[in-house]
Amino acid sequence: QVQLVESGGGLVQAGGSLRLSCAASGRIFSSSAMGWYRQAPGKQRELVASITSSGSTKYSDSVKGRFTISRDNAKNTAILQMNSLKPEDTADYLCNAKLLFQDWWGQGTQVTVSS
C-alpha cells in the first residue's frame, strides 16, 4: 500500500512562490511516475506536471515556465516549485503516483493566490 501526503500549500499574493511536497510511503516510489494535479471549484481536475521514474518531465501549457516538478528518490519525495503564481492557479493540489496499472492519490493541499 502506498500513502501520499502533500504539504506546502497556503495563501500567497500574485507573483509569489510556493513549494509543494509529496511524501510517499512504501517501497515503490523510485519506480513510480509522479504527478501533480489540481482541481478548482466547479472545474475538472487537470494534470499540472508529471515526472517519470527516469526524470522526464511534462507540464501543462498554463504552468510551463513557471512551475518545476522534481523528485528525490532517496527521500521518497516529489516537489512542485511554483513561481510567478497567478489567481487562476488557486486550487486544491493533489499528488499522484502511478505504477503499471495502479495509481494512488494524496488528500490534497490548498493553494490560494490573491490578486
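In the block above lies the structure referred to throughout.
Residues numbered from 1 in each chain as written. Predicted model: local features only at pLDDT ≥ 70, side-chain atom pairs only at ≥ 80, totals over all residues. Heavy atoms only, no water.

Caption draft 1: Fine view of unusual backbone geometry. Residue Asn76 is not a glycine yet carries a positive backbone phi of 50 degrees. Locating Asn76 in the fold gives a position in the loop between strand 7 (67-72) and strand 8 (77-82). For Ser84, which is not glycine, the phi dihedral falls at a positive 50 degrees. Along the polypeptide, Ser84 turns up in the loop between strand 8 and strand 9 (91-99). (Helix = DSSP H or I, 4+ residues; strand = E, 2+ residues; numbered from the N terminus.)

Caption draft 2: Focus on the pairing of strand 10 (residues 102-105). Judged from the four bridges that link them, strand 9 and strand 10 form a sheet pairing that is antiparallel. In the strand pairing of strand 10, Asn96 is matched with Trp105. Connecting strand 9 to the next strand, strand 10, in antiparallel fashion are two residues, including Leu100 with a positive phi near 55 degrees. (Pairing = 2+ DSSP bridges.)

Caption draft 3: Inspection of the nonpolar core at higher detail. Core analysis: the largest hydrophobic core is formed by 28 residues, its most contacted members being Leu4, Met34, Trp36, Phe67, Leu80, Met82 and Tyr93. Elements represented by at least two residues in this core include exactly strand 3 (18-24), strand 4 (33-39), strand 5 (46-51), strand 7, strand 8, strand 9 and strand 11 (109-114). When neighbours within four sequence positions are excluded, Met82 is seen to be in contact with Gly16, Ser17, Leu18, Leu20, Arg66, Phe67, Tyr93 and Val111. (Core = buried A, V, L, I, M, F, W, Y, C linked by side-chain atoms within 4.5 Å. Buried < 20%, exposed > 50% of the residue type's maximum accessible area, 1.4 Å probe, protein only. Contact = heavy atoms within 4.5 Å.)

Caption draft 4: Highlighting the state of the cysteines. All told, the structure shown has one disulfide when counted by the stated rule. Disulfide pairing is shown between Cys22 and Cys95; the S-S distance is 2.0 Å. One quick way to see it: the torsion about the S-S bond of Cys22 and Cys95 is about -80 degrees, and its sign makes the bridge left-handed. With Cys22 in strand 3 and Cys95 in strand 9, this residue pair connects regions lying 73 residues apart in the sequence. As far as the burial class goes, Cys22 and Cys95 line up, both buried. (Disulfide = S-S within 2.5 Å.)

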